[in-house]
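# Coordinate inspection notes
The lines below spell out each chain.
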Amino acid sequence: MIPLLAMLLLPLYAFAQSVPVVSVRVFQKPVAPSIPKDFLGLSYEAPALTSPYFDISNRVYVQLLRNLGPGSFRFGGNSVENTFWLQATADANQTTRRSLRRPTVLKGADLDRVFRFARAIGWHVILGVNLGHFNPQMAADEAHYALTHGGRTLTGIEIGNEADLYGSNGWRTRDWDYAQYHRDFIAYVSAIEQETPGTPIVAPAFCCSLGYRWLPQLLHDDAADIHLVSFHMYPLYHAPGSKGPTSEQLLSTKVARWEDQHLQELASDVAPYRLPLRMAETNSVAGGGMPGVSDTYVAALWVADYLFRVAEHGLSGVNFHGGFFRGGYSPIWEQNGVFSAAPEYYGILLFHQASQGRPVQIQVEAPSDINVVAHAVAGSKGRLYVAIINKDFQNGAEVHLLLPSSFRYGALIRLNGPAANAQDGITLGGREVSADGTWSPANHEHVTVSDRMAIVSVPALSAALVTFYK
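What you see is a predicted model, and the numbers here were worked out from it, not measured in a lab. (Residues numbered from 1 in each chain as written. Predicted model: local features only at pLDDT ≥ 70, side-chain atom pairs only at ≥ 80, totals over all residues. Heavy atoms only, no water.)

### Quick word on the sheet that holds strand E7 (residues 154–159)
Cut-off, in case you're wondering: Between any two strands, pairing holds if DSSP finds at least two bridges. For the purposes of this entry, the term helix denotes a DSSP run of H or I that reaches at least four residues, the term strand denotes a run of E that reaches at least two, and both are numbered from the N terminus. Note on geometry: axes are lines fitted to C-alpha atoms, helical ones only across the stretch in contact, with angles between N-to-C directions running from 0 to 180 degrees. Contacts: residue pairs with any heavy atoms within 4.5 Å of one another.
Pairing is parallel around the closed barrel formed by eight strands, whose spatial order is E2-E3-E6-E7-E8-E9-E11-E13. Between one strand axis and the next, the sheet turns through 25 degrees on average, direction left out of account. Where strand E9 (residues 228–233) and strand E11 (residues 277–282) come together, five bridges link them in parallel fashion. Residue pairing for E11: Val-229 is matched across the bridge by Leu-277. Across the face of the sheet, helix H2 (residues 59–66) comes into contact with strand E2 (40–45), strand E3 (71–76) and strand E6 (123–129) while running at roughly 135 degrees to E2.

### Description of the pairing of E7
As a reminder of what qualifies: For each residue, the accessible area found with a 1.4 Å probe, counting protein chains only, is set against the maximum for its type, and the residue is called buried under 20%, exposed over 50%, and partly exposed in between. Handedness rule for crossovers: strands pointing away from the viewer, path from the first strand over the helix to the second running clockwise, crossover right-handed.
Along E7, five of the six residues are buried, which leaves the element largely enclosed by surrounding structure. Pairing geometry for E6 and E7, over five bridges, is parallel. Each bridged residue has a counterpart across the sheet, and for Gly-128 the counterpart in E7 is Glu-158. This β-α-β element, E6 to helix H5 (residues 136–150) to E7, shows right-handed connectivity. Across two bridges, the pairing between E7 and strand E8 (residues 201–206) is parallel. The residue of E8 that forms the bridge with Ile-157 is Ile-201.

### Some words on the pairing of strand E17 (residues 372–379)
When you tally the buried positions in E17, you get six out of eight residues, the bulk of the element. Examined bridge by bridge, strand E16 (residues 357–365) and E17 share four bridges and lie antiparallel to one another. Note on E17: the bridge partner recorded for Val-360 is Ala-376. Note that E17 and strand E18 (residues 384–390) share seven bridges and pair antiparallel. Bridging from a neighbouring strand, His-375 pairs with Ala-387 of E18. Following E17, the chain reverses through four residues before pairing antiparallel with E18; Lys-381 in that reversal takes a positive phi of roughly 55 degrees.

### Looking at the confidence of the model for the chain
What counts, and what does not: Known as pLDDT, the predictor's confidence for each residue is given on a scale from 0 to 100.
In this model, the chain carries a mean pLDDT of 93, and residues with pLDDT of at least 70 account for 93%. Considering only residues more than four positions removed or in separate chains, one finds that residues 88–100, a stretch of pLDDT under 50, has 17 contacts.

### Quick word on helix H8 (residues 209–222)
How we decide: In a helix, the anticipated span is given by 1.5 Å times the number of residues less one. Two axes enter the bend calculation: one fitted to the seven residues ending at the residue in question, the other to the seven starting there, and the bend is the angle between them.
For H8, which comprises 14 residues, the first-to-last C-alpha distance of 20 Å matches the rise-based estimate of 20 Å (1.5 Å per residue) to within 8%. The largest bend in H8 amounts to roughly 25 degrees and is located at Leu-215, with the proline Pro-216 lying one to four residues further along. All of the buried residues along H8 are Gly-211, Tyr-212, Trp-214, Leu-215, Leu-218, Leu-219 and Asp-222. Buried residues along H8 sit in contact with helix H7 (178–195), E8, E9 and helix H10 (253–270).

### What about the pattern of salt bridges?
So the rule is basically this: Criterion for a salt bridge: a side-chain nitrogen of Lys or Arg within 4 Å of a carboxyl oxygen of Asp or Glu.
Taken as a whole and judged by the stated rule, the model has 11 salt bridges. Glu-281 is paired through a salt bridge with Arg-74; the nearest N and O atoms lie 2.7 Å apart. With Glu-281 in strand E11 and Arg-74 in strand E3, this residue pair connects regions lying 207 residues apart in the sequence. Residue Arg-74 is classed as buried on the basis of its relative accessible area of 0%. For Asp-260, the salt bridge identified is with Arg-309, shortest N-O distance 2.7 Å. On the criterion of sequence distance, the pair formed by Asp-260 in helix H10 and Arg-309 in helix H11 (residues 297–312) is long-range, its members being 49 residues apart. Assessed through its relative accessible area of 25%, Asp-260 is described here as partly exposed. Shared partners join several salt bridges into a network, and the residues in it are Glu-259, Asp-260, Asp-305, Arg-309 and Lys-391.

Structure (structure tokens):
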């Protein structure tokens with residue numbers, strides 16, 4: 001006869017046996033430099049410079065940005081090639097006839113407003129200039145104004161947007177090659193330097209297969225002229241009219257491997273020149289995002305994992321591209337004058353809680369059919385941050401953490417969502433971002449540490465961030 005106590009424990013034992021066990025070992029060895037304070041950032045199309053959003057009176061937007069600490073705005077995108085400085089109406093009208101798009105004309109007041117806004121919240125600005133419509137003097141005039149009025153708030157002038165695609169998107173002829181690009185790039189650098197010596201140059205803002213080949217050439221030829229190396233990355237591409245990528249693809253191990261491979265390639269290309277490398281435009285699915293994927297809870301989990309990967313490869317920062325409209329891949333939405341945190345924002349916010357330190361080596365052993373990843377950051381005052389992200393759609397996991405040294409205990413907050421495709425009801429630390437833009441965790445779960453070992457349960461499609469204390 002089975003004892004009564006054993007009968008009562010059998011269901012619990014069976015449940016425990018059905019939950020996959022994932023072993024995570026954290027080492028003390030750093031894998032990258034300390035994460036810069038302004039690592040996080042947002043990227044907008046250049047015409048956003050003329051919008052009313054960048055005003056300190058937009059208190060919710062201001063608060064959402066301040067939640068992320070110091071950061072970086074980048075203004076560029078495809079539309080920078082249809083954006084003109086001051087009253088360049090003749091050039092603008094000529095481009096309008098060719099591209100059938102209404103040009104944007106920037107004035108000094110537009111840049112003044114954005115610099116004032118960025119300065120007030122402790123952010124910096126990367127300003128893109130039009131290379132698609134070749135006019136070095138116009139770019140030099142804009143750069144001069146930006147540097148003299150932006151001062152230290154200006155990180156640098158980014159020349160063009162994805163020039164590696166000019167031969168296919170109509171900004172240049174089909175025979176467009178590196179030699180022609182380099183000729184135009186040098187013309188811009190020379191004009192800018194002549195008018196405003198010492199202007200920091202951000203380049204090349206490449207994105208794609210051709211750009212991976214051109215980047216080493218540009219660094220070999222002109223690394224001395226470049227202040228910050230910028231590149232773009234979208235793990236998934238969405239062709240208009242197609243069914244597009246899925247949530248499962250976004251969280252797949254295949255995408256994570258692709259990210260690691262390309263981040264490593266870029267970091268290796270730049271390393272010999274000791275220049276900072278920033279993913280100045282990036283997001284989940286190219287082309288504005290995929291509805292039902294980029295604007296849902298799964299994007300929050302992807303963002304959190306992606307940010308740690310970028311940091312582990314030693315990049316200096318990330319600017320998530322978007323606009324203000326609800327939907328797509330924008331981290332912050334605006335609708336009828338109301339700003340709110342989009343799903344992606346929660347992944348960014350989770351990363352920020354663990355970004356004050358240096359990424360360290362970590363080893364994850366999981367069953368082959370379980371998609372659980374982990375990242376660790378050694379922080380100040382002996383703290384250790386460990387993020388565990390369960391990207392598996394079906395299986396929860398019991399995570400056994402082996403820590404590199406003795407810690408007294410851990411405090412855990414969770415990233416949760418009501419469903420994979422949820423746009424609302426997402427919480428971090430048991431709390432949504434409030435309507436006024438503020439956020440603080442509602443609770444911390446206590447994590448026991450015994451003989452350098454801690455056990456954390458992480459349900460399917462969720463993340464846990466544990467801060468360990470000595």
